[in-house]
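Chain by chain, the residues run as shown.
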Amino acid sequence: MAHAIEPTDQMLHEACARMAERFHWADDFEAVMQDRVRSRLVRIAARHPTAAGRAPAPPRAPACRPFQPPTSGIPLFDRKRAASGERDDD
């Protein structure tokens, strides 16, 4: 189990300042720390400053192109023939 790092007061103040700028919090440090949700967010940001400061990653292109049926030649699958019950193994 990983050892949890208890953030110092300076780390909490810095994390609160970063989050106040990011989320436009008008309250001071004491008011933020009195709020249960925001104080938890500040503590998490103080423990992981690099993760809290990163912008979300841009969406990636898909690894492969979606399947595109051939535009010329005979079709690979005849839907009308299959719907009529005809099979190749008859």
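The rules we used
- Residues numbered from 1 in each chain as written.
- Predicted model: local features only at pLDDT ≥ 70, side-chain atom pairs only at ≥ 80, totals over all residues.
- Heavy atoms only, no water.
- Helix = DSSP H or I, 4+ residues; strand = E, 2+ residues; numbered from the N terminus.
- Expected span 1.5 Å × (residues − 1).
- Buried < 20%, exposed > 50% of the residue type's maximum accessible area, 1.4 Å probe, protein only.
- Arc of directions from axis to C-beta.
- Axes fitted to C-alpha atoms, helices over the stretch in contact; angles between N-to-C directions.
- Parallel < 35°, antiparallel > 145°, perpendicular 65-115°, else oblique.
- Left-handed = near helix turned anticlockwise from the far one by under 90°.
- Contact = heavy atoms within 4.5 Å.
- Nonpolar A, V, L, I, M, F, W, Y, C, P; charged D, E, K, R; others polar.
- Salt bridge = Lys/Arg side-chain N within 4 Å of Asp/Glu carboxyl O.

Enquirer: So, the environment of Leu 41: which residues are in play, and what are the values?
Expert: Secondary-structure assignment places Leu 41 in helix H3 (residues 36–47). Separated by 26 residues in sequence, Leu 41 and Ala 15 place their C-alpha atoms 9.1 Å apart.

Enquirer: Please set out H3 residue by residue, giving values where relevant.
Expert: The periodicity of an α-helix, 3.6 residues per turn, causes residues three or four positions apart to be oriented the same way. Between its terminal C-alpha atoms H3 stretches 17 Å, which fits the 16 Å expected from 12 residues at 1.5 Å a residue. The set of residues buried in H3 consists of Arg 38, Ser 39, Val 42, Ala 45 and Ala 46. End-on view of H3: buried residues confined to an arc of 125°, all on one side of the axis.

Enquirer: Break down the packing of helix H1 (residues 9–23) against H3 for me, with residues and values.
Expert: Where H1 contacts H3, the two axes come as close as 8 Å, and the packing angle between them is 110°. Looking at the two axes, H1 sits roughly perpendicular to H3. Handedness of the H1/H3 crossing: right-handed. Within the contact between the two elements, H1 uses Met 11, Leu 12, Ala 15, Cys 16, Arg 18 and Met 19 and H3 uses Leu 41, Val 42, Arg 43, Ala 45 and Ala 46. Looking at the contact of H1 with H3 residue by residue, the class counts come to 9 nonpolar, no polar and 2 charged.

Enquirer: How would you summarise the pattern of salt bridges if you had to cite specific residues and measurements?
Expert: Summed over all chains, the structure comprises 4 salt bridges. Its salt-bridge partner being Arg 47, residue Glu 6 comes within 3.8 Å of it at the nearest N-O pair. Taken together, the residues span a long stretch of sequence, with Glu 6 in the segment before H1 and Arg 47 in helix H3 at a distance of 41 residues. For Glu 6, a relative accessible area of 55% corresponds to the exposed category. Close ionic contact of Asp 27 with Arg 38 constitutes a salt bridge, the shortest N to O distance being 2.6 Å. Pair noted here: Asp 27 is in the loop between H1 and helix H2 (29–34) and Arg 38 is in helix H3, with a separation of 11 residues, a long-range link. When salt bridges that share partners are traced, they join Glu 6, Arg 43 and Arg 47 into one network.

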